[in-house]
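Here are the chains, one letter per residue:
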There are 2 protein chains.
Amino acid sequence: MDAAVADARSRGTAPAERTRPSRGRLQSILTASTVALVGASDNSRWSLTAHAALTGYGFPGTLFLVNRRGAPAHGRETSTSCVAIGRPIDLAVCIVSAESLPDALRDAAAAGAKGAIALASGFGESGAAGRQAQADLVALADELDITFFGPNCLGFLNLVDGVSGWASPPPVPDPEPGSIALISQSGGIAIQLGRFSAKHGIRFSHVISTGNEAMVDAFDVARTIVEDERVRCIAMFVEAIGDAQRFDELTARAAELDKPIVMMKVGRSALAAEVIASHTGALAGDDALIDVALRGAGVIRVDSLEELVVTAGLVAGTGRLPAGKLGVVSISGGACDVVVDAADTFGTPLAAFSEQTQARLRETGSAYGAAHNPLDVTGAAVGGPQLMTDAVEAVAADPDVGIVAIVDVLPDGDLQRKPSARLTALGEAISRVDKPCVVIHQVTQDLTDDASRSTEAIGVDHRICGIDMAVKAIGGAMRWSEWRPRPIDAPTARIAIEPRPLSEAEALELLSAHDIPIVPRRLATNADEAAAAAVELGYPVVVKVVSPEILHKSDIGGVALDLGSEADVRTAFARVTSAASAVAGARVDGVLVAPMRSGGVELIAGVVRDPVWGLALAVGLGGVWVNVLDDSSLRRLPVDEAVVHEMLGELRGRSLLEGARGSKPADLARLAQVIANLGRLALALGPRLESIEINPLRVDGAEIEALDGAVTWS
Amino acid sequence: MDAAVADARSRGTAPAERTRPSRGRLQSILTASTVALVGASDNSRWSLTAHAALTGYGFPGTLFLVNRRGAPAHGRETSTSCVAIGRPIDLAVCIVSAESLPDALRDAAAAGAKGAIALASGFGESGAAGRQAQADLVALADELDITFFGPNCLGFLNLVDGVSGWASPPPVPDPEPGSIALISQSGGIAIQLGRFSAKHGIRFSHVISTGNEAMVDAFDVARTIVEDERVRCIAMFVEAIGDAQRFDELTARAAELDKPIVMMKVGRSALAAEVIASHTGALAGDDALIDVALRGAGVIRVDSLEELVVTAGLVAGTGRLPAGKLGVVSISGGACDVVVDAADTFGTPLAAFSEQTQARLRETGSAYGAAHNPLDVTGAAVGGPQLMTDAVEAVAADPDVGIVAIVDVLPDGDLQRKPSARLTALGEAISRVDKPCVVIHQVTQDLTDDASRSTEAIGVDHRICGIDMAVKAIGGAMRWSEWRPRPIDAPTARIAIEPRPLSEAEALELLSAHDIPIVPRRLATNADEAAAAAVELGYPVVVKVVSPEILHKSDIGGVALDLGSEADVRTAFARVTSAASAVAGARVDGVLVAPMRSGGVELIAGVVRDPVWGLALAVGLGGVWVNVLDDSSLRRLPVDEAVVHEMLGELRGRSLLEGARGSKPADLARLAQVIANLGRLALALGPRLESIEINPLRVDGAEIEALDGAVTWS
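Source: prediction; values computed, not measured.

A.B. asks: Before we move on, can you summarise the overall build of chain A with the specific residues and values?
C.D. replies: Tallying secondary structure elements over chain A gives 25 helices and 27 strands in all. In terms of its C-alpha atoms, chain A occupies a principal-axis envelope of roughly 95 × 75 × 35 Å. Counting over 714 residues, chain A shows a buried share of 60%. Here the contacts in chain A between residues at least 6 apart in sequence split such that 73% fall between residues at least 24 apart. As displayed, chain A has an accessible area near 25,700 Å², and 51% of this comes from carbon and sulfur atoms. Seen as two clouds, the 63 positive and the 89 negative side-chain charges of chain A have centres 3 Å apart.

Laid out in structure tokens, this is it:
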């Protein structure tokens, strides 16, 4: 079982089981104007907090409380059911047990509700019975035409519209909205991210927990919310991506709208342990494919909770960055060292200051020592803030700089409550320059709301605490800013082919018919024919048994290499055919005779079907490279030649293709074309194709030849 | 120039230039009882803050203020010089300009001071004139028998004794001491680390900034302070390690005293760009050697500022951990995912719960779902804290667990001021178990002093905010806890050999004489002898020119491979000798004839002398492994067979030695012995040895042979 599917199933939901809500339906739930809190009770902590979220966060609609026994709750009258309210409701926030949920849904639907929040756990995440209960609940909801979030979720807080269906303490301390939509499969994580963000001046338009995602998943929600013009960025905490189509729709629309998506996808290590069974698939764990899918869609993938919201906060604030690298102005030399190491670790490119910038820095006295990046203004700036502001303006003017980071001291709630005079001067300088400037506090620390507002008020728009955090977030923002969607057409024509096992000869024929050069070879059905073929092709030759039933010929002794004479060929014919005949059920159609190749570089190029992501192409160098080193590059299909070029460039052994160690430089243009052709062929072979592989693909300068091929079907 | 030396020189000090202070001298400076603040003035921000540090942090001795004009300062009378004070002083804290420093030192020494703090910058860090001024200052201090910290430093805060020579705002908000000595070459970083630590309940015994280290370096200071029984851990921010001897003395003593050293060594990337020039040296950048040196000495190397003090805080608190892995109990399932990924990323091993533990977790109801590690107790613990405490006790009792991490909510200064009832119950459970327990807040956040003290009061001794930070710090503590010094004897006998260039034949002879098997070969001075040697050794053979002046024979066409006949050998003899004769100044002594080897695995084993760390051994696989992949392992000498085994195990291509891809499994015991012999030989060759290398060292099962060797001298 694929790991992503396994993940989804851990919450009891497989993608295909879901009924997909329309965007209109989700939008109307998120902006419900009549809400019933079902299970309202002063004895329930959940009810208390859900009520507080609804009443304390500016809900402009009408709220009703439902208590089965009609007991008053939270100082208000209650109804005994949604129906008993006597007027239609939009949304039922259900603080009821797993057992009571079906009745609660029936009652809500009867009162006209199209939406519900299902807080209760004890469903898909808790074994077979729970999975069945969850499936039953979905079937019931379908029948009732009601859409529920969860179960095992905390619901949503729509801060821009003041609507909440949040069944827990509010994850943010006040109702003031921001422009980032936070969507988390885990409710607990959403709370922690909310608390963290409150201490870093990061505000949300929405906070949404999707839980078991029985009917509504994080991608459905994101796809709805991305349309809201008040939302500038989507931050997602994702345990499982169960459906590539929803992912693709979301990311494509976000790209159109120029809205960044920042995502923490957990399960790297568990996924890494899972490998696709076929040989080519073994090139890459699933997480590698997720990584590739996210990168390919322009998603900023992050590795930690803090980084998720800090990066979202930065990129929601800056929008797309101007072209260029990072320029750094620092009050501390030690911090410069830390910045350089962090930039190297996180792949955040540092600008090289122009001669002109350097001269300007020296002129103004900002460059005490060397006028290089990062610039150490030194403690001299403590007495002369002008040194910092001059430096910021000079660095921002450098053509190689796209964003400026200023390492200085940010106020906090404790040791330094107000912005310093130097920070105020910096704010003014920042207002004068036309590139985004981020002020970085050297270590992580909380900013109070006060500190956050007061620095913003003086023009310090972007603030990050912690050098590592800042350098990493800036790198993410840069990568997103440079990324542009590059649609590649998939072949529309299908190849009519019966999905039956192909022999090596048939597989090679198929490749050859689609502009993939293959090694010359002859089919021989007896030793005489084999000997004649060897003469025709030239010694030395290889002889391989032909049998559609035998995929791994070498394993059963079905291959003979480097045969230099007629006698050798005859012996080999007898040997490989009898080895194959010994395999139960194997039909032997003869042998293939082909020239023995040596020298050059051997690659493996293969396409496999991933249960979530569909067809994926893997390219790697053969031999130790793939077997010992796992050195491969991966992409979802379709790909074109430019993408294959990129893939080849990612290989650690790429220099072997460029002529290192005495190898001939490969004809990379043709190589990319051949591999792209394999991708096109795979797509054209239709939905029953499971894998198609060339192994090895021999490259010796301009000579490019598939020496063996295999195709499997589901 | 070696990068570490370059680093040291960036502050103007090369190791050899330093005059080393005695431990007694440093100890008396750090515990000075009479201190003069030189340059005291109400107009100086530095003077104000230095005065505040001295008076506000419990200085039990006597403080005098010195103002050249005798003007009152900080509400007190001043003297016009140290001598004018009229009684001996121990330490002069010099808040004076670079120009005035020599006079200030003279005056302080005349008043009996043995120590001084030199705040002023404008010395070694600022060009040639500054470097000269710094050298002059050292010479003067030597003459005066006074030892100064800096220049370009902020001095020290000895919190355990209440003595401060800190010329800046105090880096910690109050004088209460802890048990961690923080030593930073950068003063700015020390301040930021102090501020950060204050918000995380981490307290210091000392905070010391060493600046340009003209006379006193971080290792001198650490070596002194490590003796203090009130110090349980040393945390160091290091820009340069200029002297391996001081490093070695410190780390050896720390190991004896069982005190951990946590170090952030910056300059990874700059160092990575610098490579040792010789071929074997190119296997590894200097930072790799620093990494190896730190690891070999049991130092916990960290990558970020926050991690430096958080790790120090943890390990100072726990001391050496019991054997075992990490067991995790979490209130949140999402957090479990994050923990697993972090454990994988940072190499922190997770325990596998025993059957018994699993049964106990199920019995108590703590394991809602699977009873595996990390254990998700789920939100059910919100209503039933017992579920968490039972789980903590069960996990702590598991024999595979050495330390328990509990993911829950820590109070902070803002949203939740007091420990929750659940945390209080956890504190009680922690007090009942006999393994260290760390409570982890999911995201980074400040703890107020209140929060820190109140959680400590309820038994929560160890608290870390941020899952990544916690998992990484715990991993560091585990590695230190498992590490034991393992002294290896270096050979004491010296080999009497003239340090002149050796021919390949001579180099091989030298190897052979020290139990390193070499390929059979014959020296031939004419074509007849070469042909006879070929017959004797068996075809095919290789022929290489013998000339001590030519190190890289292949480059000049001095090598002929795979010669299969007498005619080939004769032609080759003529070709290689004439090629060598064409090299100006090269003496040709004939050719070596050796059997042509094929198959097996080729290694490179070489020893080079690093200017800081001395002799280092590098081992790698040959061919693409070293040239394309930089796949090598590195150690300082001496090494023994066990260390070489470890090194071979670190190679990415190690499976080739174990029989992967059809290779014969190598005789690893003999291989380790041969490589260890190379290390012993290198040490015995004395201080003029620059490098000794075997390339290739051919390994084919039990056959191990040096095919070529080279030796260079300084």
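Don't stop here, the text continues.
A.B. asks: Requested: an account of the domain arrangement of chain A, with residues and values cited.
C.D. replies: Interfaces are often described in size by the accessible area the parts lose on coming together. Residues and elements named next belong to chain A. Partitioning chain A into structural domains gives domain 1 (3-315), domain 2 (320-482), domain 3 (520-595) and domain 4 (601-713). Here the C-alpha centroids of domain 3 and domain 4 sit 26 Å apart. Facing 4 residues of domain 3, the contacting portion of domain 4 comprises 5 residues. Here domain 3 and domain 4 share an interface that buries about 260 Å² over both sides, 48% of which is from carbon and sulfur atoms. Applying the counting criterion to the domain 3 and domain 4 interface returns 2 salt bridges. A salt bridge links lysine 544 to aspartate 708; the nearest nitrogen and oxygen atoms lie 3.8 Å apart. Counting every contact that joins domain 3 to domain 4 gives 1 residue pair in polar contact (both at pLDDT 80 or more). Residue composition of the side of domain 3 that touches domain 4, grouped by class: 2 nonpolar, no polar and 2 charged.

A.B. asks: Could you give an account of the sheet that holds strand S8 (residues 180-184) of chain B, naming the residues involved and the relevant values?
C.D. replies: All names here are of chain B. The mixed open sheet is built from 7 strands, whose spatial order is S7-S6-S9-S8-S10-S11-S12. At either margin of the open sheet sits one strand with a lone partner, and together these are strand S7 (163-166) and strand S12 (300-302). With direction set aside, neighbouring strand axes in the sheet form an average angle of 15°. Contacts between helix H7 (residues 187-198) and the sheet are confined to S7, S8, strand S9 (204-209) and strand S10 (233-238), with S9 contributing the most and set at about 155° to the helix. Docked against the sheet, helix H9 (residues 244-256) engages S10 and strand S11 (261-265), running at close to 150° with respect to S11.

A.B. asks: Explain the relation of the copies chain B and chain A to me, using residue names and the numbers behind them.
C.D. replies: When chain B is brought onto chain A, the operation consists of a screw motion whose angular component is 180° and whose axial shift is 0.0 Å, with 0.1 Å RMSD remaining. Put plainly, the chains are arranged around a two-fold axis. Most of the interface of chain B is mirrored in chain A, where 100% of its interface residues again form contacts.

A.B. asks: Please provide a residue-by-residue account of empty space enclosed by the protein, values included.
C.D. replies: All names here are of chain B. Going through the model one piece at a time under the given rule, you end up with 8 cavities of 30 Å³ or more. Reported here for the largest cavity is a volume of approximately 70 Å³. The wall of the largest cavity is formed by Thr251, Ala254, Ala255, Lys259, Pro260, Ile261, Ala297, Gly298, Val299, Arg320, Trp480 and Trp483. Of the residues forming the lining of the largest cavity, the biggest block, 3 residues, is contributed by H9.

A.B. asks: Hey, could you go over the interface of chain B and chain A for me, with residue numbers and the actual values?
C.D. replies: Facing the 60 residues of chain B at the interface are 60 residues of chain A. Between chain B and chain A, the buried area comes to about 4,800 Å², and carbon and sulfur atoms account for 59% of it. Joining chain B to chain A, the criterion identifies 2 salt bridges. The partner of Asp412(B) in a salt bridge is Lys199(A), and the shortest N-O contact between them spans 2.3 Å. Counting every contact that joins chain B to chain A gives 9 residue pairs in polar contact (both at pLDDT 80 or more). At the level of secondary structure, the elements contributing two or more residues to the side of chain B that touches chain A comprise H7, S11, helix H10 (268-273), helix H12 (305-318), helix H13 (333-346), helix H19 (467-482) and helix H23 (624-627) of chain B. If you tally residues by element for the side of chain B that touches chain A, the top one is H13(B), at 7 residues. Partitioned by chemical class, the residues of the side of chain B that touches chain A number 22 nonpolar, 20 polar and 18 charged.

A.B. asks: So what's going on with unusual backbone geometry? Residues and values would help.
C.D. replies: All names here are of chain A. With omega at 0°, the peptide bond leading from glycine 150 into proline 151 counts as cis. That bond from asparagine 695 to proline 696 is cis: its omega, 5°, falls within 30 degrees of zero. Relative to the elements of secondary structure, proline 696 occurs in strand S25 (residues 689-700). We note that asparagine 152 has phi near 65°; this positive angle belongs to a residue other than glycine.

A.B. asks: An account of the packing of helix H14 (residues 355-363) of chain B against helix H16 (residues 385-396) of chain B is needed here, citing residue identities and associated values.
C.D. replies: Residues and elements named next belong to chain B. The contact between H14 and H16 brings their axes to 9 Å, and the two run at 170°. One way to sum up the angle between H14 and H16 is to call them roughly antiparallel. Residue-level contacts link Thr357, Arg360 and Leu361 of H14 to Ala391, Glu393, Ala394 and Val395 of H16. For the contact of H14 with H16, the residue count by class is 4 nonpolar, 1 polar and 2 charged.

A.B. asks: Could you give an account of the sheet that holds strand S16 (residues 437-441) of chain B, with specific residues and numbers?
C.D. replies: Residues and elements named next belong to chain B. Read from one edge to the other, the open sheet built from 5 strands follows the order S14-S13-S15-S16-S17, with strand pairing classed as parallel. Of all strands in the sheet, those bounded by a partner on one side alone are strand S14 (375-376) and strand S17 (462-465). By the bridge criterion, 2 bridges tie strand S13 (residues 325-330) to S14 in an arrangement that is parallel. Across the sheet, valine 329 pairs through a bridge with leucine 375, a residue of S14. Running at roughly 165° to S17, H12 makes contact with S16 and S17 of the sheet.

A.B. asks: Account for the pairing of strand S9 (residues 204-209) of chain A, with residues named and values stated.
C.D. replies: Working note: regular strand, side chains alternate between the two faces of the sheet. Residues and elements named next belong to chain A. Judged by how many residues are buried, S9 sits mostly within the fold: 6 of 6 residues are covered. Note that strand S6 (residues 155-158) and S9 share 4 bridges and pair antiparallel. Across the sheet, glycine 155 pairs through a bridge with serine 209, a residue of S9. Two elements, strand S8 (residues 180-184) and S9, share 5 bridges in a ladder whose sense is parallel. Each bridged residue has a counterpart across the sheet, and for isoleucine 183 the counterpart in S9 is isoleucine 208. Read from S8 through helix H7 (residues 187-198) to S9, the crossover connection turns out right-handed.

A.B. asks: Account for the state of the cysteines, with residues named and values stated.
C.D. replies: Per the stated rule, a full pass over the model turns up 0 disulfides over all chains. Cysteine Cys465(A) shares no disulfide, and the gap to the nearest cysteine sulfur, in Cys465(B), comes to 14 Å. Residue classification places Cys465(A) among the buried positions, given a relative accessible area of 5%. No disulfide involves Cys437(B); its sulfur sits 16 Å from the nearest other cysteine sulfur, which is in Cys336(B).

Rules of the game
- Residues numbered from 1 in each chain as written.
- Chains lettered and ligands numbered in written order.
- Predicted model: local features only at pLDDT ≥ 70, side-chain atom pairs only at ≥ 80, totals over all residues.
- Heavy atoms only, no water.
- Helix = DSSP H or I, 4+ residues; strand = E, 2+ residues; numbered from the N terminus.
- Buried < 20%, exposed > 50% of the residue type's maximum accessible area, 1.4 Å probe, protein only.
- Contact = heavy atoms within 4.5 Å.
- Areas by Shrake-Rupley, 256 points an atom, 1.4 Å probe, with all protein chains shown as cover.
- Lys, Arg positive; Asp, Glu negative; His and termini not counted.
- Charge placed at Lys NZ, Arg CZ, Asp CG, Glu CD.
- Domains from an automatic or database assignment.
- Buried area = accessible area lost by both parts, 1.4 Å probe.
- Salt bridge = Lys/Arg side-chain N within 4 Å of Asp/Glu carboxyl O.
- Polar contact = N/O pair within 3.5 Å; in protein donor to acceptor, adjacent residues only side chain to side chain.
- Nonpolar A, V, L, I, M, F, W, Y, C, P; charged D, E, K, R; others polar.
- Pairing = 2+ DSSP bridges.
- Axes fitted to C-alpha atoms, helices over the stretch in contact; angles between N-to-C directions.
- Least-squares fit on C-alpha atoms with pLDDT ≥ 70 in both.
- 1 Å grid on protein atoms, 1.4 Å probe; cavity = no way out; pocket = protein on both sides within 12 Å on 5 of 7 lines; lining within 4 Å.
- Points joined across faces, edges and corners; volume = space filled by probe spheres on them.
- Parallel < 35°, antiparallel > 145°, perpendicular 65-115°, else oblique.
- Right-handed = clockwise from strand over helix to strand, strands pointing away.
- Disulfide = S-S within 2.5 Å.

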